[in-house]
Amino acid sequence: ADKVVLNRSGIKGDFHDYKDVIRTGGDGLEYTDSEDPMMIIYTSGTTGKPKGCVHTHDGFPIKASADIYFQFDMKKGETLMWISDMGWMMGPWNLFGALLLRGKMGMIEGYADGKVISKFIEDMKVDILGLSASLVRLMKSTDIKLDVRLTGNTGEPIDPESWYWLFAHSGNKPVINYSGGTEISGGILGNYVIKKIKPSSFNGESPGIHASVFTEDGKEAPPNTEGELVVLSVWPGMTRGFWMNPERYIETYWSRWEDVWVHGDLAIRDNEGYFYIVGRSDDTIKVSGKRVGPAEIESVINSHPGVVESACVGVPDPVKGEKIICFAVPRGNVSGDELLKYAEEKLGKAFSPSEIKIVKELPKTRNAKIMRRLIRAIYLNKPLGDISSLENPSSLEEIKKVIEK
């Protein structure tokens, strides 16, 4: 029944009592086939226009649950909390996985700093906490305790300094590094608690995934050689295509090598079989003929105590082919020249950045991925392309001003 009541601001209006509109189990029940579309989730748009990934009833929920069960070791009744925008894949992933595994789900609305997260963990008794590497880097200046059974990282490669901080501040509990995508419904690579975990690494492929690293000629890369991360199997959670754009789906993932899913990440597998993600292959920098992932350079810069985070891009150079330009967000008073000297000592002159510029923030998607393509476009004075997924447009103006100085 309609009632005239006052809302919280004291304005009259027509409202329904909650008890009048609440549904009970079974209301609106609809029978579907396992392959019927369930939802469309858009990718982050770090490399171009966001893609609408179509997921089905038997795909996304099964993949998310399997990864959480096997790689995050979730047990019945535990609370899983991945700090995520619900528009990012990790939001629905958290929702389906936690509920299907008969657990609980923790959620925070709005921006949460380290102290708020720590208090929430304590009050809600969170068992499994998921973060982005970007958030970990922002929290590194705080002395907080993350009292959980294990933590997780996804979104971007996590540098060793941030990995060790997360490990130490969670009481030396396992850190589950996790990498996949919206198109995957979860992970390609992850960690298992029953096996040794190396800092910043992945100690195994996710359930149902047969992953490898390919060189440019389409052959499996030798150990410690950078190459394209590929999947040689099919799995339940793979997107059934891009919404209203099936051609783009085939072109993006299946066109390079026959029957091989090319994910778009640059990866390395070491002598023991551990994987490392070193950045998007679109972001790869070629210096004097050698491919370098931006994460390799950024990890060194981020290890400086005066740096929160950084982003590196490659721009044309007549001698090296490409030179490395970096942008760093400072913690305290640190100069670009100081960071350049530090990077050169750690990397050597050949792979040290040519410039390091100080900025207040880096352009990011709303799921905290750094949009390096926009930084490169601004530096080269080229069109920005699609920026619909950009969370902080003001960062572009600052970068432009810093470059013009």
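Residues numbered from 1 in each chain as written. Predicted model: local features only at pLDDT ≥ 70, side-chain atom pairs only at ≥ 80, totals over all residues. Heavy atoms only, no water.

## Notes on the sheet that holds strand E16 (residues 275-280)
Definition in use: By the convention used here, strands pair only if DSSP detects at least 2 bridges between them. Think of it this way: any DSSP run of H or I at least four residues long counts as a helix, any run of E at least two long counts as a strand, and we number them from the N terminus. To get an axis, fit a line to the C-alpha atoms, keeping to the stretch in contact for a helix; angles then go from 0 to 180 degrees between the N-to-C directions.
Strand order across the open sheet formed by four strands is E13-E14-E15-E16, with antiparallel pairing between neighbours. This sheet does not close on itself; its edge strands, each paired only once, are strand E13 (211-214) and E16. Taking each pair of neighbouring strands and ignoring which way they run, the sheet shows an average axis angle of 45 degrees. Of the strand pairs in this sheet, strand E15 (residues 261-269) and E16 are connected by five bridges, and their pairing is antiparallel. Its bridge partner being in E16, Ala 267 is matched across the sheet by Ile 277.

## Notes on the packing of helix H10 (residues 372-379) against helix H11 (residues 394-404)
Rule in force here: Angles are sorted into four bins: roughly parallel if under 35 degrees, roughly antiparallel if over 145, roughly perpendicular if 65 to 115, and oblique for all others. Left-handed describes a crossing in which the near helix is turned anticlockwise from the far one by less than a right angle; the clockwise case is right-handed. By definition, residues are in contact when any of their heavy atoms lie within 4.5 Å.
Taken N-terminus to C-terminus, the directions of H10 and H11 make an angle of 40 degrees; their axes are 10 Å apart at the nearest point. In terms of axis orientation, H10 runs oblique to H11. The hand of the H10/H11 crossing is right-handed. Touching Leu 374, Ile 375, Ile 378 and Tyr 379 of H10 are Leu 396, Ile 399, Lys 400 and Ile 403, all from H11.

## Side note on unusual backbone geometry
For Asp 73, which is not a glycine, the phi torsion comes out positive at approximately 55 degrees. Its identity as a non-glycine residue notwithstanding, Arg 102 has a phi of 60 degrees, on the positive side.

## Some words on the packing of aromatic side chains
Counted only if it meets this: A pair of aromatic rings is counted whenever rings of Phe, Tyr or Trp (Trp by its six-membered ring) have centres within 6.5 Å, and the orientation is called stacked for planes under 30 degrees apart, edge-to-face for over 60 and tilted otherwise. Throughout, exposure labels follow a simple rule: accessible area from a 1.4 Å probe, protein chains only, divided by the maximum for the residue type, with under 20% read as buried, over 50% as exposed, and the rest as partly exposed.
One pass over the full model with this rule turns up 17 aromatic pairs. The interplanar angle of 90 degrees and the centroid separation of 5.0 Å between the aromatic rings of Tyr 69 and Phe 70 together place this pair among those described as edge-to-face. Measuring from ring centre to ring centre gives 5.4 Å for Trp 93 and Tyr 178, while their planes differ by 45 degrees; the resulting arrangement is tilted. Remark: Tyr 178 occurs in the loop between strand E9 (175-177) and strand E10 (179-181) and Trp 93 occurs in helix H3 (residues 90-100); sequence separation between them is 85 residues. Each member of the pair Trp 93 and Tyr 178 is classed as buried.

## Observations concerning the sheet that holds E10
Pairing is antiparallel across the open sheet formed by three strands, whose spatial order is E10-E11-E12. Edge positions in the sheet fall to E10 and strand E12 (204-205), since each has one partner strand and no second. Sheet topology note: the E10/strand E11 (residues 186-190) ladder contains three bridges and is antiparallel. Each bridged residue has a counterpart across the sheet, and for Ser 179 the counterpart in E11 is Leu 189.

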